[in-house]
Every structure is written in structure tokens, then in C-alpha cells.
Amino acid sequence: MEYKYLGRTKERISAIGIGTWQLDLNEKAAHEIVCSGVDNGINLIDTAEIYGTEGIVGKVLDRIGRDDIHVASKVWPNHFHYQDLIDACNGSLKRLGIKQIWLYQLHYPNYTVPIEDTMSALEHLQKEGKIRHIGVSNFSAKELEDAQAALNHGEVVSNQVEYSILMREHEEDGLVDYCKRNNITLIAYSPLGEGQLYERRNAALLSGLDAIGEPHGKTGTQVALNWLISKKPVVAIPKASSAKHMAENAGAATFNLTEGAIGKVDELSKGFSKRPLMGRHVRKLLKHTTFWHGIAARRYGQDQ
Ligand SMILES: NC(=O)c1ccc[n+]([C@@H]2O[C@H](COP(=O)([O-])OP(=O)(O)OC[C@H]3O[C@@H](n4cnc5c(N)ncnc54)[C@H](OP(=O)(O)O)[C@@H]3O)[C@@H](O)[C@H]2O)c1
């Protein structure tokens, strides 16, 4: 397993982590999947208060009994006011059954709350030892800079954004380069295009990736993930619903694609793209609304 430093810290995370969105499984099944990852060297597991998976993650980690697995969680934007954020973190700690969240991330930017309010709550939590590192998610380079500037002494160590062979928007907008230049870890979510890599319309892409992987004894899935983590600041957090998929994904971080093979993947990916969940302009607009409260209300049956 390849490991990378988290941001500028001296702490190391596996280049492949475990995503848990929509991992709606019973404890036994979740335990098998996480064990498959951990046995293959994974030490990062990603969850969020909005996913509803913090409870199962906590139970599984308790059962595994290892304290070297790093838990990353996220706070939903309806909780970005100072006291709401403190309360949300306490809620996450309770569901996870741990004393400290290793990486606590702002899930999306929320322009309806002053960023200073949010970041000072994060610093307070860090000072109290309830969170170890501060991260963000779905932030642009400019938003990340603003978040960093609002901190008194802490550092934003990571930005979790969508990035895959089917979604390369952040190469175009410069975010990948920005993270590289500033030693900020880019955590690539939906690294298999939310499973769209396996759709029939992408069959030629997948078989091309399989062919590139063959000399390495690797699958197309492993090539797609290795192509991502071959970029310096990037680690990827695929979600898998079986121990077999998990082990395959972990095996994406045990080899190096050659420069030539990376070029082939770049070439091959031209002409393939992901159906986005929502367009860029919609995402921009949402940052200025209280839409987040609606999602939380739908998820939990109340506006918490
Ligand atoms: N910060 C954010 O806003 C945000 C947004 C979305 C996601 N995320 C995070 O990123 C994680 C991953 O993203 P995602 O769940 O959207 O999508 P993903 O990891 O790109 O794709 C998951 C899909 O790929 C399939 N898959 C996984 N490994 C496979 C393998 N080895 N062979 C064949 N199929 C495989 C899964 O099938 P099976 O389930 O059948 O294994 C599932 O259908 C999430 O769980 C979450 O932690 C964060």
C-alpha cells in the first residue's frame, strides 16, 4: 500500500481510503468490507453526518479494535454557525463512539454563514482535541484560500472533491495544481464515477483500461484508481459493497503506472465523461441558499 502525507503534516494516509456514502449495510457485511480494506493496508475511512453511516463505522472500528485507522467525517452546511457546528461535532463523536475525529471536513461551502464563524468553531474543536485536522470538501481554490485566511493558526490540510477519469473538471479549473503547489491533500471522491465506469456506454473505456493494466497484472478499475493517485496530492476513496471490490480497490495502490501508461490513460479518457449530478451553475447557486437545511430535513425528517 502506498501512503501519502496529509497536507503538510507528518501523518500518513493510505493512497486508497474507504468511502461510506450509501453503504447501507448490516454490521457484519460492513465489518467484512472494512476488514478487507484494513488487511490490505488502508488506514482512512470517510463518512459524514449526512450519510447516516457514522454509527456503523463506529461499531465496525470498535469491533476491529485498532486505533490507527483514521476517521474522516464531515459537517453538513446547515450546521456552519459556531454553536451548531460544535453541537454537530459532538453528535458525530457520539455516533462514531470515539473521542477525536481525525479529519473533520466542511461538506460544502455555505455563503449564508460568515466563514470566520465556521472556522473559529473548527479551531475551538481542534484546541479541545475533539478534531485533529481541519479539511474542506467541494471548495474551489478561492474558497479554500478564504477558509484558510479565516483561521488564526490552524491549517486546512485537505479538500475532498469529485475527481475521476470521467470527471476531470478540477484539472481544467486548476484545483489539482493548486493543491499540489500548496501541499494540500486532494481527496478524490466518486473516483469510479459513482459506478458509471461500469455502464455499457463506457465499455470501450473500461476495456482499454483493462488492456493497460494487463502487463501489470492489474484490472481496469485498478488502473483508473492508480491514474488518480499517481498525481502527487491525490488520494482516492472509492466505495465498495463487497470485500472483493474493496480488496481490488486497495490493490490499486501497490504498483506504479509508467509515464507512458499514464499518457495512454489520458488519451483513452478523451470522449468519455460522467453524467453530473448537477451542473456547475446549479452548484454555484446552491452555495447562496438554505437548500442544505431542506436536504437535512428530508434525510432526518426534521430540520436539525
Ligand atoms: N464530499 C462529497 O460531497 C462526496 C460526494 C460523493 C461521494 N463522497 C465520498 O466518496 C465515496 C465514493 O464515491 P461514490 O460512492 O459516489 O462512488 P465511487 O466510489 O466512484 O463508485 C462506487 C460504485 O463503484 C462500484 N465499485 C467499487 N469498487 C468496484 C470494483 N472494484 N469493481 C467494480 N465496481 C466497483 C460500487 O459497486 P458496489 O457498491 O457494488 O461495490 C459502486 O457502484 C463515497 O462513499 C463518499 O465517502 C463524497
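Use the structure listed above.
Model, not experiment: these values are computed from the prediction. (Residues numbered from 1 in each chain as written. Predicted model: local features only at pLDDT ≥ 70, side-chain atom pairs only at ≥ 80, totals over all residues.)

Description of the site of the ligand
Looking at the ligand, there are 25 residues lining it, with Gly 19, Tyr 189, Gly 195, Lys 239 and Ser 241 nearest. Considering every element that reaches the shell around the ligand, the biggest residue donor is helix α10 (residues 243-250), with three residues. The residue makeup of the shell around the ligand, split by class, is eight nonpolar, 13 polar and four charged. (Near = placed C-beta within 6 Å. Helix = DSSP H or I, 4+ residues; strand = E, 2+ residues; numbered from the N terminus. Nonpolar A, V, L, I, M, F, W, Y, C, P; charged D, E, K, R; others polar.)

Let's talk about the sheet that holds strand β4 (residues 44-46)
Read from one edge to the other, the open sheet built from eight strands follows the order β3-β4-β5-β6-β7-β8-β9-β10, with strand pairing classed as parallel. Bordering the open sheet on either side are β3 (18-19) and β10 (234-236), each of which pairs with just one other strand. Judged from the five bridges that link them, strand β8 (residues 156-162) and strand β9 (residues 185-189) form a sheet pairing that is parallel. Paired with Glu 162 across the two strands is Tyr 189, which belongs to β9. (Pairing = 2+ DSSP bridges.)

A short note on the packing of helix α3 (residues 82-96) against helix α4 (residues 115-127)
Put simply, α3 and α4 touch, their axes get as near as 8 Å, and they point 40° apart. Between α3 and α4, the angle is such that the two are oblique. At the point where α3 passes α4, the crossing takes the right-handed sense. Contact residues: α3 offers Tyr 82, Leu 85, Ile 86 and Cys 89, while α4 offers Asp 117, Thr 118, Ser 120, Ala 121, His 124 and Leu 125. A per-class count over the contact of α3 with α4 returns six nonpolar, three polar and one charged. (Axes fitted to C-alpha atoms, helices over the stretch in contact; angles between N-to-C directions. Parallel < 35°, antiparallel > 145°, perpendicular 65-115°, else oblique. Left-handed = near helix turned anticlockwise from the far one by under 90°. Contact = placed C-beta atoms within 7 Å.)

Points about the nonpolar core
The biggest cluster of nonpolar side chains holds 86 residues, and the ones touching the most others in it are Cys 89, Tyr 104, Leu 186 and Ala 236. When residues in this core are grouped by element, the largest group, six residues, is from helix α9 (residues 220-229). For Ala 236, the residues in contact, after removing those within four places along its chain, are Ile 16, Ala 188, Pro 191, Leu 225, Leu 228 and Ile 229. (Core = buried A, V, L, I, M, F, W, Y, C linked by C-beta atoms within 7 Å. Buried ≥ 20, exposed ≤ 12 C-beta atoms within 10 Å, placed from the backbone.)

A few points about the pairing of β8
β8 sits mainly inside the fold: seven of its seven residues count as buried. As paired elements, strand β7 (residues 131-137) and β8 share four bridges and run parallel to each other. Paired with Val 136 across the bridge in β8 is Asn 159. What joins β7 to β8 is helix α5 (residues 141-149), and the crossover it makes is right-handed. (Right-handed = clockwise from strand over helix to strand, strands pointing away.)

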